[in-house]
Amino acid sequence: MIEMQGVYKTYPNGVTALNGLDVRIQQGEFVYVVGPSGAGKSTFTKLIFREEKPSKGSIHINDLDLAAMKERRIPKLRRNIGVVYQDFRLLPRLTVYENVAFALEVIEQRPAEIKTRVMDVLEQVRLKNKARFIPDELSGGEQQRVSIARAIANRPRILIADEPTGNLDPETSWEIMHILEEINQTGTTILMATHNREVVNRVRKRVIAIEDGVIVRDERRGDYGYED
Amino acid sequence: MSVGGITAMKIRTIGRHLREGRKSVFRNGWMTVSAIGATTTTLLLVGVFLAVMLNLNQFANSIENDIEVRVFIERTADESQVEQLGEDIEAINEVASVEYSSKDEELEGLVDSLGDEGKAFELFDQTNPLNDVFVIDPSSPSAADSIASDVRELKFVDEVDYGEEVVQRIFTFNEYARTIGLVLIIGLVFTAIFLISNTVRITIVARRKEIGIMKLVGATNAFIRWPFFIEGMLLGLLGSIIPIAAVTGGYYYLYYHLRDSINFDFVQLLPFNPFIWQLSGLILAIGVFIGIWGSVMSVRKFLKV
């Protein structure tokens, strides 16, 4: 469960991104986070995996108090949260297989486990046959699937996707949504910040709209609600 | 949310860090060469300086410990007056022991110490021009001066001598050499550290993407830091190879060959065998220290959050 109470975030340059935000997200939910650019969506997601610290307020993920958490506990938190970005962030010189394995190697998993786990997640995102390709040889949708595979390789309880379809054409976007839904069905909480109206309106899920650093709308099966 | 295995480093992890560190050393090309070059130059000078310094120190120490205050007794003094003088000297603070040496013994010592050339002085056997002497062993070398001035106050003392000029000159020279050497070395050490930290920084910048992903998926800072640490250490190690070889070769030559052709009677070089090991160890330690400090300097900034 993710719980935020009265969360404020002001950056050192004086920009206030969050202005007293309250939210509660149960384990296993699928949540869209929508809103205009600069409304605080990115800050909201960054707070969850502790890339940023709140200026005020409390954030709890299960029993973990993120505001009080010590620096050295951050790795422990992040091993339970997968993150996917709009720009994929793959290592260009490594193969698909190596990109996913890298994420497990650097948290010191056993080599034998890494091997089977990488093949499992590549199968899950339907890229087993492209394990030896390098990112440049893949389409945008395929690259995003690699980054999803990497994000879920360590079996995180939460998956944060920041504009995962932002660089993709509509058809590829459905592919990605399909995979995210499958991951959600295994009990993983999914938080997806997005500007993609088509997706939000067709695959109906809980919608949280953030404007000027506060939640202005929170609907169980909401629509996108903006005209773009 | 078990965190059991995060802190303990596993053997395959050490292997990975070593591989990564070694890879960077070769990948950075000219930066690596310049960093190693600076370390080599530094350590070479450090090595030579240390060899000279430690020998000078040893030399000064042996002279210090040999310091004795020689009291020349007036020839007119009779036996009881000499005895009285001896007792007075013994009463002075910091006098460890006093020994009486007659003028005949003094002449014998002089003749012996000069070898063949000393034979000329045997002529004086009959009319010995020397004084009877009290030889004082001070409890510490620094006490020699105050003992000498106390003794000068006593009666029947002709002259007091403890070779103050020579001793003073050696100490002064030693001090100057030490100060100049230290300033030079500290400057060089910092240059080497700076160059190594720049080299490591290039690796870090080249790997920023990797580091970002590592942090994203929950690699610990220690895990991220190790390869850079090892890169710096390797640079320091590589930089110490030539200096160690040069200093060892040079000292070997000096100790086993040059020593025979120059008369080094009064300078005792530190024996080659333990000394060169200690010196090499010291050079290696300084090299590794330079490397580690250089890498720590550049890594620290990059690992925030």
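Residues numbered from 1 in each chain as written. Chains lettered and ligands numbered in written order. Predicted model: local features only at pLDDT ≥ 70, side-chain atom pairs only at ≥ 80, totals over all residues. Heavy atoms only, no water.

## Brief notes about the domain arrangement of chain A
All names here are of chain A. Here chain A is partitioned into domain 1 (1-80 + 156-228) and domain 2 (90-155). Computed over C-alpha atoms, the centres of domain 1 and domain 2 are 24 Å apart. Contacts between domain 1 and domain 2 engage 14 residues on the former and 13 residues on the latter. Buried surface at the junction of domain 1 and domain 2, both sides included, amounts to about 1200 Å², of which 63% is carbon and sulfur. The three residues of domain 1 that bury the most area against domain 2 are Arg79, Pro156 and Ile179, which together make up 43% of that side's buried surface. (Domains from an automatic or database assignment. Contact = heavy atoms within 4.5 Å. Buried area = accessible area lost by both parts, 1.4 Å probe.)

## A word on helix α3 (residues 79-91) of chain B
All names here are of chain B. Counted at 1.5 Å a residue, the expected span for α3 with its 13 residues is 18 Å, and the 19 Å between its end C-alpha atoms agrees. Buried residues of α3: Val82, Leu85, Gly86 and Ile89, and no others. Within α3, the buried residues cover an arc of 100° as seen down the axis, which keeps them to one side. Along α3, the residues that are exposed and aim more than 90 degrees away from the buried face are Ser80, Glu83 and Ala91. On its buried face, α3 is in contact with β1 (69-73), β2 (95-101), β3 (133-138), α5 (144-152) and β4 (157-161). (Helix = DSSP H or I, 4+ residues; strand = E, 2+ residues; numbered from the N terminus. Expected span 1.5 Å × (residues − 1). Buried < 20%, exposed > 50% of the residue type's maximum accessible area, 1.4 Å probe, protein only. Arc of directions from axis to C-beta.)

## Brief notes about the nonpolar core
Grouped together as the largest cluster of nonpolar side chains are 86 residues, with contacts concentrated most on Tyr32, Leu122 and Leu180 of chain A. Counting residues per element, this core draws most heavily on helix α2 (residues 29-66) of chain B, at nine residues. Residues lining this core come from more than one domain, with at least three contributed by each of domain 1 (1-80 + 156-228) and domain 2 (90-155) of chain A. If sequence neighbours within four positions are ignored, Leu122 of chain A has contacts with Val96, Tyr97, Val100, Leu127, Lys128, Ala131 and Ala149 of chain A. (Core = buried A, V, L, I, M, F, W, Y, C linked by side-chain atoms within 4.5 Å.)

## Overview of the interface of chain B and chain A
Each partner contributes residues to the interface: chain B has 22 residues there, and chain A has 28 residues. Remark: the boundary between chain B and chain A carries one salt bridge. Note that Glu105 of chain A is salt-bridged to Arg16 of chain B, the shortest N-O span being 3.0 Å. Here chain B and chain A share five residue pairs in polar contact (both at pLDDT 80 or more) between them. (Salt bridge = Lys/Arg side-chain N within 4 Å of Asp/Glu carboxyl O. Polar contact = N/O pair within 3.5 Å; in protein donor to acceptor, adjacent residues only side chain to side chain.)

## Topic: the UniProt feature "domain: ABC transporter" (unreviewed entry) in chain A
Here the UniProt feature "domain: ABC transporter" (unreviewed entry) sits at residues 2-227 of chain A. Counting secondary structure, residues 2-227 of chain A comes out at 32% helix and 26% strand; the distance between its end C-alpha atoms is 29 Å. (UniProt positions renumbered as here; feature names shortened; annotations may be inferred.)

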